[in-house]
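Here are the chains, one letter per residue:
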Amino acid sequence: MSKYSSLRGMPDILPEEAAKFEWIESRAREVFGMFEFREIRVPYLESTEVFTRSIGENTDIVEKEMYTFLDRGGKQISLRPEGTASIVRAYVEHNLSNKADIVKLFYIGPMFRGERPQKGRQRQFHQIGCEIIGASSPYLDADLIMSLKTFFEKLGIKDFTLNINTLGCAEDRKKFASDLSEYFAGHLNGLCENCQRRSTRNVLRVLDCKNPACKEIVKGAPGVAKNLCPDCLDNYSLLKHILHDAGVTYNEKTDLVRGLDYYTGTVFEVSHPSLGAQDALAAGGRYDNLVHEMGGPDVGATGYAVGMERLLLVIKEENYPAVKPGILIIALDEKSHKEAFKLTNKLREAGIKCDMDHSGRSLKGGMRKADKEKREKVIIIGENELASGMVVVKNMVTGEQKSVGFGETVDLLIGENAHG
RNA sequence: GUGGGCGUAGCUCAGCUGGAUAGAGUACCUGACUGUGGCUCAGGCUGUCGAGGGUUCAAAUCCCUUCGCCCACCCCA
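Just so it is clear, the model here is predicted, and its values are computed rather than measured.

(A) Summary view of the overall build of chain A. Counting secondary structure elements, chain A contains 15 helices and 16 strands. Taking 22 Å as the expected radius of gyration for a compact globule of 420 residues, we find that chain A reaches 28 Å, considerably beyond that expectation. Principal-axis analysis of the C-alpha atoms places the extent of chain A at approximately 95 × 50 × 45 Å. For chain A, the proportion of its 420 residues judged to be buried stands at 48%.

What follows is the structure in structure tokens.
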């Protein structure tokens, strides 16, 4: 039992897992680079207002999940619970709209929410997100969704489902919400306790309640489609056409809603069956009013975030590349240890991955270690080698070994690596 | 915040109707094999039985409290 442990929901990411993070991140950079998104790094801490204004004062995230505290100057600051707010803040602050009409950005990093941890959910978790700011063409939504699909394919993820829906523009949404409130008011008794509360406070959320009784009532609820203005309707059906033509299979899910206030119009979610209760791998949508609300130009925007920890749960072990260990250098006594260390450094200078056993264990011990670590080669240096000026290079796979002069070791190994 | 499950060796777990030095497998170290790994065999190391308190002649085992982890609700990526 150690004296200290990390905070609840804020786990250490140990090397084995960190390697997976690293691999996923480099696939992200590869794919998003190809789509011409550019990376942006925004701070983990922001003035609390950045989040309350954008995510919404009455959302659960802001009300009860955000890590908020006073800094030494008495200013109220918060650890970011998501990425979009900061990015829009940065976009406005640095007048990025003047540099290009469309700005495509991606980010990778930790987010913080004070929730109770469970499968696929931590307090410090990591997201990879993409944003396209500057216009509201459905082609941009399609571009965004294509980047997500390509990313998932690159990671070897299968069996994911893309669900899409539209919430309509701000006016549409208002009308829709009031229609829903009216409908649910007539079925109040059948709804679960939570939904009775939701039906007045945040009526859209009743739509994705998991309670069977509520689901039944939701079936008869007015759909969003009726409430859409012609523009929204056109945009949404155009998006569906574009996706169809691009060969993207999607599932229209009319009860899909988002919990953050800034979403408007198209929303989407990617879910995976193996995830359990928290089955969203990624989610996003349009936020056409946010940039303006944050003090920027009146331009549309769209984006999504992918949950890293959830990717980890979904990606199969064999999808990750095997990490090949380097050569192990084993010295048999103090004198050879010095020479061996010199050789180790020479190999590294030549770009050959290797490590030396400094534990002073026996040759047998060293061999065992190399075997356990699945090393392909070891180099052995002892009294005999020092006397003859040769080192032993042993191939652990074939069992074959040869003596080679100290000076020729690097050349030999480079030659062998070149031939596999 | 609410509910349920679980905390015993580095890891996976047994022991739990109270009983003497707390076990197995695995991992690790050493030797058989004096300078060569995998297989085999032999030996060795590792524990505040999550923590604190209580009941008892006696507690890993029963009771209370507490902390931690997991799953679910809630919410969300």
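(B) Fine view of the sheet that holds strand β16 (residues 401-405). Judged by pairing direction, the sheet is mixed, and its five strands sit side by side in the order β13-β12-β14-β15-β16 without closing on themselves. Since the sheet does not close on itself, it has two edges, and those belong to β13 (354-356) and β16, each with one partner. Ignoring strand direction, the axes of neighbouring strands in this sheet form an average angle of 25 degrees. Where strand β12 (residues 327-331) meets β13, three bridges bridge the pair, whose relative direction is parallel. Bridge assignment links I329 to a residue of β13, and that residue is M356. The sheet contacts of helix α12 (residues 334-349) involve β12, β13, β14 (377-381) and β15 (390-395), and relative to β13 the element is tilted by about 165 degrees.

(C) Structural context of the environment of S271. Positionally, S271 belongs in strand β9 (residues 264-271). With relative accessibility at 11%, the residue S271 sits in the buried group. For the pair S271 and D159, spaced 112 residues apart in the sequence, the C-alpha separation amounts to 8.8 Å. If sequence neighbours within four positions are ignored, S271 has contacts with D159, F160, T161, N163, D279, A280 and L281.

(D) Structural context of helix α5 (residues 138-154). Under the 1.5 Å per step criterion, the end-to-end length of α5 is 24 Å for 17 residues, consistent within 8% with the ideal 24 Å. Regarding α5, the residues found buried are P138, L140, D141, A142, L144, I145, S147, L148, F151 and F152. Between the side-chain oxygen at the start of α5 and the backbone nitrogen of Y139 there is a gap of 2.9 Å, and the oxygen is on S137.

(E) Spatial organisation of the protein's contact with RNA strand B. Neighbouring RNA strand B are 50 residues; R113, R198, R205, K372 and M396 lie closest to it. Taking R8, its side chain carries an N or O atom lying 3.4 Å from a phosphate oxygen of RNA strand B. Between RNA strand B and the protein, one listed contact pairs a sugar or linking oxygen with a side-chain N or O atom of Q127 at 2.7 Å. Taken together, the elements giving at least two residues each to the surface near RNA strand B come down to α3 (60-65), β6 (124-133), α7 (193-201), β10 (280-286), β11 (301-307), α13 (363-372) and α14 (383-388). It is α13 that provides the largest number of residues to the surface near RNA strand B, a total of six residues. Class assignment of the residues belonging to the surface near RNA strand B gives a composition of 15 nonpolar, 13 polar and 22 charged.

(F) Summary view of the packing of helix α2 (residues 48-55) against helix α4 (residues 84-93). Across the interface, α2 lies against α4 with an axial gap of 9 Å and an inter-helix angle of 105 degrees. Here α4 runs roughly perpendicular to α2, going by the angle between their axes. In this structure, α2 contributes V50, F51 and S54 to the contact, and α4 contributes A85, S86 and R89. Broken down by class, the residue content of the contact of α2 with α4 amounts to three nonpolar, two polar and one charged.

(G) Region of interest: the nonpolar core. The biggest cluster of nonpolar side chains holds 53 residues, and the ones touching the most others in it are Y91, I133, L180, F184, L207 and V291. Ignoring any residue separated from it by four or fewer positions in sequence, one finds V291 in contact with V88, Y91, V92, I133, G296, P297, V299 and A301. In terms of nonpolar packing, the next biggest core, distinct from the first, is built from 42 residues, F106, V248, L281 and L312 among them.

(H) Up close: the pairing of β6. Most of β6 sits inside the fold, with nine of its 10 residues counted as buried. Pairing of strand β5 (residues 103-112) with β6, which is carried by 10 bridges, proceeds in the antiparallel orientation. The partner of V103 across the bridge, within β6, is I133. Bridge count for β6 against β11 is seven bridges, and the pairing is antiparallel. Counterpart to E131 in the pairing with β11 is G303.

Calculation rules
- Residues numbered from 1 in each chain as written.
- Chains lettered and ligands numbered in written order.
- Predicted model: local features only at pLDDT ≥ 70, side-chain atom pairs only at ≥ 80, totals over all residues.
- Heavy atoms only, no water.
- Helix = DSSP H or I, 4+ residues; strand = E, 2+ residues; numbered from the N terminus.
- Rg over C-alpha atoms; globule rule 2.2 N^0.38 Å.
- Buried < 20%, exposed > 50% of the residue type's maximum accessible area, 1.4 Å probe, protein only.
- Pairing = 2+ DSSP bridges.
- Axes fitted to C-alpha atoms, helices over the stretch in contact; angles between N-to-C directions.
- Contact = heavy atoms within 4.5 Å.
- Expected span 1.5 Å × (residues − 1).
- Polar contact = N/O pair within 3.5 Å; in protein donor to acceptor, adjacent residues only side chain to side chain.
- Near = heavy atom within 4 Å.
- Nonpolar A, V, L, I, M, F, W, Y, C, P; charged D, E, K, R; others polar.
- Parallel < 35°, antiparallel > 145°, perpendicular 65-115°, else oblique.
- Core = buried A, V, L, I, M, F, W, Y, C linked by side-chain atoms within 4.5 Å.

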